[in-house]
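As a plain string of letters, each chain reads:
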Amino acid sequence: MMPAFELNARNLYPELKRRFADIVEKNCLPSDQIGIQARALSPKDAIGDTQRKDFPILTGREVMLQAEYRGAYGQAFTDSPAMFSGTLGDILALDIEHDMGALGLFVASMNAVLRKLEMAKGTLHCKNDEPELCAKEFVGYLREHYGHPKITLVGYQPAMIENLSKAFPLRVLDLNPDTVGKVKYGIAIEHGKNDYQDAVLHWADVVLCTGSTLSNGTITDYLDTGKEVIFFGITIAGAAELLGLKRVCFCGG
């Protein structure tokens, strides 16, 4: 993992691109010889046959992109899907600060390249019963490392909500209007912006934050909270390594 530095809304994406470009150069990977393809995966391809049917990708709120680089795969969730076929140089030329579709392509492609270089792990989403196993692993992990913390979960993750709520005080933030304001697994889903300050800055001891915040631009809300922030999921696999962010992933491929 590369050392962390003072990340903020202004420099996060330029710094991420710079560090990734440096790796490409240092590994002698000329852009005109590197083909990157990204395609939107069907829910079944992305997450398999799960017991729960309310994962965001199964309800149509998110699309998973998959990039392939020399036999290695990297994935990323996005709500701004775009198709792409080109070189790594083309990927590095994308405007990832202002174009959410370009950002999703960049993140998936970066994950694939770093996976090939053995610089990132868990770049493929867990499938079938693994999301349930992951949620149970999180319960044990949090007990071991933090005791009995108050947890704010950022992102609607049904298996995590049900398992964590049985073990810890839990609040859940999301931006999907179909879930905000609803009670899911006994927990009221709060608004990711309107309730952010109280749930994250004032109440939580530990914040579990979906890596999808990287691809929708909200990750900067969770970089300097003064709280323990743990990112999870495949989207942030490569960026966590390059930027020194804490990430936990138990079942990713």
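Note that the coordinates shown come from a computational prediction; the quantities given were computed from them, not determined experimentally. (Residues numbered from 1 in each chain as written. Predicted model: local features only at pLDDT ≥ 70, side-chain atom pairs only at ≥ 80, totals over all residues. Heavy atoms only, no water.)

Undergrad: Quick question: what am I supposed to make of the nonpolar core here?
TA: Across soluble globular proteins, you tend to see nonpolar side chains buried next to one another. Judged by nonpolar contacts, the single largest core of 48 residues is most densely connected at Phe20, Phe106, Leu214 and Tyr222. Elements that contribute at least two residues to this core include exactly helix H1 (12-26), strand S2 (63-69), helix H3 (88-92), helix H4 (100-116), helix H7 (196-203), strand S9 (206-210), strand S10 (228-232) and helix H9 (237-243). Among the elements that take part in this core, H4 stands out by supplying 10 residues, more than any other. Apart from the residues within four sequence positions on either side, Tyr222 is in contact with Val154, Leu173, Gly192, Tyr196, Val200, Val207, Cys209, Thr213, Val229 and Phe231. Core analysis: the next-biggest nonpolar cluster, separate from the first, contains 26 residues, Cys134, Leu142, Ile187 and Cys251 among them. (Core = buried A, V, L, I, M, F, W, Y, C linked by side-chain atoms within 4.5 Å. Buried < 20%, exposed > 50% of the residue type's maximum accessible area, 1.4 Å probe, protein only. Helix = DSSP H or I, 4+ residues; strand = E, 2+ residues; numbered from the N terminus. Contact = heavy atoms within 4.5 Å.)

Undergrad: How do you make sense of the side chain of Thr225 when you look at a structure like this?
TA: By secondary structure assignment, the location of Thr225 is in the loop between helix H8 (213-216) and S10. What makes Thr225 buried here is its relative accessible area of 11%. Setting aside anything within four residues of it in sequence, one finds Thr225 in contact with Tyr196, Val200 and Leu201.

Undergrad: Please explain the environment of Gly71 as it appears in this structure.
TA: With respect to the secondary-structure elements, Gly71 resides in the loop between S2 and strand S3 (72-78). The exposed category is assigned to Gly71, whose relative accessible area is 53%. Spatially, the C-alpha atoms of Gly71 and Arg115 are 9.8 Å apart, while their sequence positions differ by 44 residues.

Undergrad: Can you walk me through the environment of Arg247 in this structure?
TA: Mapped onto the fold, Arg247 is located in strand S11 (residues 247-248). Ignoring anything within four residues of it in the chain, the contact list for Arg247 reads Lys121, Gly122, Phe231, Gly233, Ile234, Ile236, Ala237 and Ala240. Of note is the side chain of Arg247, whose polar atom sits 2.9 Å from the backbone oxygen of Gly233. (Polar contact = N/O pair within 3.5 Å; in protein donor to acceptor, adjacent residues only side chain to side chain.)

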